[in-house]
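Secondary and tertiary structure notes
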Amino acid sequence: MGRVRRALAILEEAGREFVADDVVTLSSSVAFYAALGLAPMAVLVLVGTSFLGSETRDRLVGEGTNLLGPQAGDALRMALESSAENRSRGLAAVFGVLAALVSASGALAQLQVAMNRVWGVVTRADAGWKEWLRKRALGLGAVLCLGALVVASLVVEAALGILPLPSVAWPVVQQLV
């Protein structure tokens, strides 16, 4: 019976701390910044797919239709056709990259604020704009490093896809990558 009471006391304390730290509000603010980055990412995807051939775009639309339904597939087809016809792709790509980096750094900054609050870390109130800029630069560096890791993983997986591996070994290699 002592273990049950101890477990209940731990759960009660965790619940009190959860409410006291306002975790729901903090998590919604992080989600907001993450959602804010979806539009620039969509622009980058559209710009990137505008350079693909029509066969590749058709396959992408087919996958989108299978996954999301016929209405979403039609919307995707219209967006891809519009981006392929648009001549200002370079400018859209530049603004998309800048907006994605700003929103990603905002999401990481808000995540840091949330973690500091939950863990009780006290930050200096007199930290100026240089400290703010340094934190944002570190956040951008983290985003760029994660992006580089994703690209490296995709390159390695594509390179491994070229190798003639037996059908039994391929799922193991994919799980390792």
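Our structure is the block above this text.
Residues numbered from 1 in each chain as written. Predicted model: local features only at pLDDT ≥ 70, side-chain atom pairs only at ≥ 80, totals over all residues. Heavy atoms only, no water.

Next up on the list: the overall build of the protein chain. Tallying secondary structure elements over the protein chain gives eight helices and zero strands in all. In the protein chain, the order of α-helices and β-strands from amino to carboxyl end is α-α-α-α-α-α-α-α. Relative to all contacts within the protein chain whose residues are 6 or more apart in sequence, the contacts with residues 24 or more apart total 68%. Here the protein chain has roughly 13100 Å² of accessible surface; of this, 69% comes from carbon and sulfur atoms. (Helix = DSSP H or I, 4+ residues; strand = E, 2+ residues; numbered from the N terminus. Contact = heavy atoms within 4.5 Å. Areas by Shrake-Rupley, 256 points an atom, 1.4 Å probe, with all protein chains shown as cover.)

Tracing the backbone shows Asn-116 in helix 6 (residues 89-119). When near neighbours in sequence (up to four residues on either side) are disregarded, Asn-116 contacts Val-121 and Thr-123.

Scanning all chains against the criterion turns up four salt bridges. Among the salt bridges present, the one from Glu-12 reaches Arg-16, with a minimum N-O distance of 2.9 Å. Of this pair, Glu-12 and Arg-16 both sit in helix 1 (residues 2-20), four residues apart, roughly one helical turn. Of the charged contacts in the structure, one is a salt bridge between Arg-134 and Glu-131, with a shortest N-O distance of 2.8 Å. Of this pair, Arg-134 and Glu-131 both sit in helix 7 (residues 129-162), separated by three residues, roughly a single helical turn. Under the relative-accessibility criterion, Arg-134 is labelled partly exposed at 43%. Each member of the salt-bridge network shares a partner with another, and the members are Glu-12, Glu-13 and Arg-16. (Salt bridge = Lys/Arg side-chain N within 4 Å of Asp/Glu carboxyl O. Buried < 20%, exposed > 50% of the residue type's maximum accessible area, 1.4 Å probe, protein only.)

In this section: a negative patch on the surface. A contiguous patch of negative charge on the surface is contributed by Glu-55, Asp-58, Glu-81 and Glu-85. Mapped onto the negative patch, the elements with two or more residues apiece are helix 4 (54-68) and helix 5 (70-85). With respect to the helices and strands, the residue Asp-58 is situated in helix 4. (Patch = residues over 30% accessible without salt bridge, like charges linked within 9 Å, V, L, I, M, F, W, Y side chains within 5 Å. Lys, Arg positive; Asp, Glu negative; His and termini not counted. Charge placed at Lys NZ, Arg CZ, Asp CG, Glu CD.)

So, on to the packing of aromatic side chains. Overall, the coordinates contain one aromatic pair when judged by the stated rule. A ring pair is formed by Phe-32 and Tyr-33, whose centres lie 5.4 Å apart and whose planes are at 75 degrees; its orientation type is edge-to-face. (Phe/Tyr/Trp six-rings, centres within 6.5 Å; stacked < 30°, edge-to-face > 60°.)

This part is about unusual backbone geometry. Even without being a glycine, Asp-22 presents a positive backbone phi close to 55 degrees. Positionally, Asp-22 belongs in the loop between helix 1 and helix 2 (23-36). Here Asp-22 falls in the partly exposed class, since its relative accessible area comes to 28%.

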